[in-house]
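Listed below are the residues making up each chain.
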Amino acid sequence: MTKLKVAVIVGSNRKESINRKLAEGLVDLIPDSIETSFVQIDDLPMYNMDLEANRPDVVNRFTREVAATDAVLFVTPEFNRSIPAVLKNAIDWGSKPVDKNVWNGKVVALTGTSPGAIGTAVGQQHLRQILGILGSLVIGGEAYITFKPDLIEDGKIANESTKAFLQAHIDKFIAIAQKLNTP
Ligand SMILES: Cc1cc2nc3c(=O)[nH]c(=O)nc-3n(C[C@H](O)[C@H](O)[C@H](O)COP(=O)(O)O)c2cc1C
């Protein structure tokens, strides 16, 4: 059986991003039998239809990397009760041209963290809606994580109850992705 390939996309361009830290902790929960890769989005230019005739190399690299995977794990902050512009920009590039929409048919899991009490809940609802329209199969389950400084230690999720909760989310994601990608 070929290895399932999972892209990890972090919706932040901040060096010390708490969502990147969470994403690294989540990758640690994914079995080694699955191929995971972080796909960079913070080098993409602002979407502009004028560039469609000759897409920049970084954009082609981005869409190629996403297209080569079976499933996508989004780990994103919430900005003003929606998703950060850097993530929406990446989604927009990936959605065009329509016949090459890289999100179509992808199994997707969402999560994210913020210091706030509802830890990215509203942002994730917006993301679920956008990806649903683009044909992604966004798995059920809600994983809104309030960030505390002791959440991640040495690249691993240190809080035991949060770890168990996120492990269940990841296991469900991988099981569905495997089922839908088995010929
Ligand atoms: C423009 C802006 C808008 C924000 N809006 C929200 C928000 O709606 N909800 C929330 O929980 N946090 C909000 N925050 C705080 C972020 O959760 C916090 O900055 C977090 O560290 C961002 O994630 P990152 O560290 O992965 O970049 C906002 C931050 C910025 C800069």
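Everything in this summary refers to the structure shown in the same document. (Residues numbered from 1 in each chain as written. Predicted model: local features only at pLDDT ≥ 70, side-chain atom pairs only at ≥ 80, totals over all residues.)

### Let's talk about the overall build of the protein chain
So, step 1. Broken down by element type, the protein chain carries 5 helices and 8 strands.
So, step 2. Secondary structure elements in the protein chain, listed N-terminal to C-terminal, are β-α-β-α-β-α-β-α-β-β-β-β-α.
So, step 3. In terms of overall size, the protein chain behaves like a compact globule, its C-alpha atoms giving a radius of gyration of 16 Å where 183 residues would be expected to give roughly 16 Å.
So, step 4. Across the 183 residues of the protein chain, 36% fall into the buried class.
So, step 5. A sequence separation of at least 24 residues applies to 78% of the contacts in the protein chain between residues at least 6 apart. (Helix = DSSP H or I, 4+ residues; strand = E, 2+ residues; numbered from the N terminus. Rg over C-alpha atoms; globule rule 2.2 N^0.38 Å. Buried ≥ 20, exposed ≤ 12 C-beta atoms within 10 Å, placed from the backbone. Contact = placed C-beta atoms within 7 Å.)

### Considering the site of the ligand
So, step 1. Around the ligand, a shell composed of 13 residues is seen, among which Ser12, Asn19, Pro77, Ser114 and Gly116 lie nearest.
So, step 2. Of the residues assigned to the shell around the ligand, the class counts are 4 nonpolar, 6 polar and 3 charged. (Near = placed C-beta within 6 Å. Nonpolar A, V, L, I, M, F, W, Y, C, P; charged D, E, K, R; others polar.)

### Quick word on the nonpolar core
The nonpolar side chains of a soluble globular protein tend to be buried with one another.
So, step 1. Leu73 and Val108 are the most contacted members of the largest nonpolar core, which totals 43 residues.
So, step 2. Ignoring anything within four residues of it in the chain, the contact list for Val108 reads Ala71, Val72, Phe74, Leu131, Ser136, Leu137, Val138 and Ile139. (Core = buried A, V, L, I, M, F, W, Y, C linked by C-beta atoms within 7 Å.)

### Here's the deal with the pairing of strand 2 (residues 35–38)
So, step 1. Here strand 1 (residues 5–10) runs beside strand 2; their pairing, made up of 4 bridges, is parallel. Bridge pairing in strand 2 places Val8 opposite Phe38.
So, step 2. A crossover links strand 1 with its parallel partner strand 2, the connecting element being helix 1 (residues 18–27), and its sense is right-handed. (Pairing = 2+ DSSP bridges. Right-handed = clockwise from strand over helix to strand, strands pointing away.)

### Quick notes on the environment of Gly135
So, step 1. Structurally, the position occupied by Gly135 is in the loop between helix 4 (121–133) and strand 5 (137–138).
So, step 2. The exposure class assigned to Gly135 is partly exposed, which follows from the 13 C-beta atoms found within 10 Å.
So, step 3. Taking the C-alpha atoms as reference points, Gly135 and Asp28, 107 residues apart in sequence, are found 28 Å from one another.
So, step 4. Non-local contacts of Gly135, meaning those with residues more than four positions away in its chain, are made with Asn101, Trp103, Asn104 and Gly105.

### Describing helix 4
So, step 1. The terminal C-alpha atoms of helix 4, which comprises 13 residues, lie 19 Å apart, in line with the 18 Å expected from a rise of 1.5 Å per residue.
So, step 2. Those residues of helix 4 not exposed but buried are Gly123, Gln124, Leu127 and Leu131. Within helix 4, the buried residues cover an arc of 95° as seen down the axis, which keeps them to one side. Exposed side of helix 4, more than 90 degrees from the buried face: Gln129 and Ile133 are the residues found there.
So, step 3. The inward-facing, buried residues of helix 4 contact strand 3 (71–75), strand 4 (107–114), strand 5 and strand 6 (144–146).
So, step 4. In the segment just after helix 4, Gly135 is the residue with positive phi, at about 95°. (Expected span 1.5 Å × (residues − 1). Arc of directions from axis to C-beta.)

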